[in-house]
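# Per-entry structural report
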Number of protein chains: 2
Amino acid sequence: MKLPAQVKLVDVGPRDGLQNEKQPVSAEVKIGLVHRLQDAGLKEIEVTSFVSPKWVPQMADNAEVMHGIQRKPGVLYSVLTPNMKGFEAAIAAPREEWPDEIVVFGAASEAFSQKNINCSIAESIERFAPVVEAARAKGIAVRGAMSCTVGCPYEGEIAPAKVGYLAQLMKGIGVQRVDVADTIGVGTPRKVQAAMEATLAHFEVDAISGHFHDTYGQALVNTLAALELGVWNFQSSSAGLGGCPYAKGATGNVATEDVVYMLHGMGIETGIDLDKLIDAGVYISEALGREPNSRASKAIRTKRAG
Amino acid sequence: MKLPAQVKLVDVGPRDGLQNEKQPVSAEVKIGLVHRLQDAGLKEIEVTSFVSPKWVPQMADNAEVMHGIQRKPGVLYSVLTPNMKGFEAAIAAPREEWPDEIVVFGAASEAFSQKNINCSIAESIERFAPVVEAARAKGIAVRGAMSCTVGCPYEGEIAPAKVGYLAQLMKGIGVQRVDVADTIGVGTPRKVQAAMEATLAHFEVDAISGHFHDTYGQALVNTLAALELGVWNFQSSSAGLGGCPYAKGATGNVATEDVVYMLHGMGIETGIDLDKLIDAGVYISEALGREPNSRASKAIRTKRAG
């Protein structure tokens, strides 16, 4: 197996994870989670979303969270900005509280795009064009989250050509890197590789990250499949936070703990301290009143208990 | 990815799975499980163990179960026989109730061998020699289960050379095929491949099966790693039955449902009807009073419920 020697993980738990959790979580706890993640060695953290609190009440404290985190040098802090209003809110604070990167998004499925944001894929990208331009003019990086790249709850299987189409649109408006997301966790290795290959026609491998949900238990095997194509950036959530409101029974993002356990076991460096990461997952899980949704975390904590 | 076009799964739930479940399960339910598995398309089923009821009370009904199952042509029924007494018990019934294959076992870890069966690896294999001989003389096939081939709860990581040593001893006494088992589920892809490669020095790839526990969530990714070496026989338990009494918090065998979901998603044939398999897992889980330990089962049942 020829695989990358190191992997960079983006913990998306504070945003993508918590956004899909029903219980309200205080800004203090969110800030505590970000601090624990950076202390554990995470170099990229998706912190919050500058979205209308009407749509996502869980993220209403976005400015408070961005203000409250004590940044660690070398760590990239990203936020989701669904439109120009969100972007403006994200940079309304003093410059040192700006995000290092904003995240825009689009679906590889027309049906998902229509149901989720009421417009076509092409329209959604057009609307993001001025946001991308404004961010880059201010020296803020732009990442594009591409959802439903393997399967869609409405359309079923998604053809790789649709992923390529979305990647091309993203590239066209100046998005610098993209996430290939299996939003509902239905993917398996060959399908994930096909989605990655369609994206590789438009972006360098260094600019592509994998984002897999573990609904059908396939997230790690899909990660390995992507690693085999040279992809070395992946997104995950500590404690497997989250879910998907559009797919009943969907579990959250793959647990960062499980990914780190696999990578370290394969001799692939992440710079992450797994024990500290497990503690971060326990911290947020206790705040949510439940167990971390991570097998590696459970096994290691059981072993710790003796 | 060059992978086998088809895979044969051995469902070891009725034996390896249930043996590690504390609640007693009636012979009727065990027989019902075997029938549901064969109806779902399983071509190999590990049915029971002819072990002393003093050690494993859950398997005390071994003869009753073997008597009760209505065999389906083309299906291989295996049983564990820990010694000559067990083998004799397994063939005490009329010939049509004999197992098609017996399973003998050994550990790749000296410490595990000592703690588990009170003798060295070499001694354990010596003791099995007459059992293997007797079985083959009667035309019964012999499989060797090699435990702790990646890690051991007492010794930690296991060197591939120790796996090769055990495989060679197994070969020497006439064992026809072997399982490379990650008994405590600590393995990751490269370590699993190293254990497989050490075994490939002594057995053809067609005579090797992978057996992965999902304790750290690594079972599917280890399955893919083995598939990449051409291994196409795997063991699993419907509903992820089982555990490991020697590793606290260890989960059971990887769920057959999750393996089948992955394989079918990759276009690899198994001959298994996933919906029927899910129903078999629900059947045994209801008997145990719990939910199936399978993400694919949960996701598909949630989707069914609409």
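The rules we used
- Residues numbered from 1 in each chain as written.
- Chains lettered and ligands numbered in written order.
- Predicted model: local features only at pLDDT ≥ 70, side-chain atom pairs only at ≥ 80, totals over all residues.
- Heavy atoms only, no water.
- UniProt positions renumbered as here; feature names shortened; annotations may be inferred.
- Buried < 20%, exposed > 50% of the residue type's maximum accessible area, 1.4 Å probe, protein only.
- Helix = DSSP H or I, 4+ residues; strand = E, 2+ residues; numbered from the N terminus.
- Pairing = 2+ DSSP bridges.
- 1 Å grid on protein atoms, 1.4 Å probe; cavity = no way out; pocket = protein on both sides within 12 Å on 5 of 7 lines; lining within 4 Å.
- Points joined across faces, edges and corners; volume = space filled by probe spheres on them.
- Nonpolar A, V, L, I, M, F, W, Y, C, P; charged D, E, K, R; others polar.
- Phe/Tyr/Trp six-rings, centres within 6.5 Å; stacked < 30°, edge-to-face > 60°.
- Lys NZ or Arg CZ within 6 Å of the ring centre and 35° of its normal.
- Salt bridge = Lys/Arg side-chain N within 4 Å of Asp/Glu carboxyl O.
- Contact = heavy atoms within 4.5 Å.

An unreviewed UniProt entry lists chain A under the name hydroxymethylglutaryl-CoA lyase, with Acidovorax cavernicola given as the organism. Listed in UniProt under the heading Pathway (unreviewed entry), the comment for chain A reads: "Metabolic intermediate metabolism; (S)-3-hydroxy-3-methylglutaryl-CoA degradation; acetoacetate from (S)-3-hydroxy-3-methylglutaryl-CoA: step 1/1." Looking at chain A in UniProt, the text filed under Sequence similarities (unreviewed entry) is "Belongs to the HMG-CoA lyase family."

### Brief notes about the pairing of strand S2 (residues 44-49) of chain A
All names here are of chain A. Among the six residues in S2, six count as buried, and that is most of the element. Looking at chain direction, strand S1 (residues 8-11) and S2 are connected through two bridges and run parallel. By the bridge assignment for S2, valine 10 is matched with glutamate 44. Two elements, S2 and strand S3 (residues 76-80), share five bridges in a ladder whose sense is parallel. Residue serine 49 lies in a different strand from S3, and its bridge partner there is leucine 80.

### A closer look at empty space enclosed by the protein
In total, this model carries three cavities of 30 Å³ or more according to the counting rule given. In this structure, the largest cavity occupies an estimated 140 Å³ of space. As for the largest cavity, its lining consists of Asp214, Gly217, Ala219, Leu220, Val221, Asp258 and Arg295 of chain A together with Asp214, Gly217, Leu220, Asp258 and Arg295 of chain B. The dominant element in the lining of the largest cavity, judged by the number of residues it contributes, is helix H9 (residues 219-227) of chain A, at three residues. The residue makeup of the lining of the largest cavity, split by class, is four nonpolar, two polar and six charged. When its volume is computed, the second largest cavity comes out at roughly 50 Å³. Lining the second largest cavity are Arg295 of chain A together with Asp214, Gly240, Thr251, Gly252, Asn253, Val254, Ala255, Asp258 and Asn293 of chain B. When the residues that make up the lining of the second largest cavity are grouped by side-chain class, the tally is two nonpolar, five polar and three charged.

### Details of the packing of aromatic side chains
On inspection of all chains with the given rule, the structure shows eight aromatic pairs over all chains. Measuring from centroid to centroid gives 6.2 Å for phenylalanine 112 of chain A and tyrosine 154 of chain A, while their planes differ by 40°, and the two rings are tilted. With phenylalanine 112 of chain A in helix H5 (residues 110-117) and tyrosine 154 of chain A in the loop between strand S6 (151-152) and strand S7 (156-157), this residue pair connects regions lying 42 residues apart in the sequence. With a centroid separation of 6.4 Å and an interplanar angle of 45°, the aromatic rings of phenylalanine 212 of chain B and phenylalanine 234 of chain B are classed as tilted. Here phenylalanine 234 of chain B lies in strand S10 (residues 233-236) and phenylalanine 212 of chain B lies in strand S9 (residues 208-212), a separation of 22 residues in the sequence. For the pair formed by phenylalanine 212 of chain B and phenylalanine 234 of chain B, the shared burial category is buried. Sitting above the plane of the tyrosine 283 of chain A ring, arginine 36 of chain A keeps its charged end 3.7 Å from the centroid.

### As for the pattern of salt bridges
Applying the stated criterion across every chain yields a total of 34 salt bridges over all chains. Here aspartate 179 of chain B and arginine 143 of chain B are joined by a salt bridge, their closest N and O atoms 2.7 Å apart. Here the residue aspartate 179 of chain B occupies a position in strand S8 (residues 177-182), and arginine 143 of chain B occupies one in strand S5 (residues 141-147), the gap between them amounting to 36 residues. Ionic pairing is found between arginine 304 of chain B and aspartate 279 of chain B, a salt bridge with its closest N-O pair at 3.0 Å. Of this pair, arginine 304 of chain B sits in helix H12 (residues 295-305) while aspartate 279 of chain B sits in helix H11 (residues 274-288); the two residues are 25 residues apart in sequence, bridging distant segments of the chain. The class for aspartate 279 of chain B is partly exposed, based on a relative accessible area of 39%. Through salt bridges that share partners, Lys8, Arg15, Asp16, Glu44, Glu46, Glu101, Arg143, Arg177 and Asp179 of chain A make up one connected network.

### Looking at the environment of glycine 230 of chain B
All names here are of chain B. Note that glycine 230 resides in the loop between helix H9 (219-227) and S10. In this structure glycine 230 comes out as partly exposed when scored by relative accessible area, which is 26%. Considering only alpha carbons, one finds glycine 230 and valine 205, 25 residues apart in sequence, at a separation of 6.7 Å. Apart from the residues lying within four places of it in its own chain, the contact partners of glycine 230 are Pro4 and Val205.

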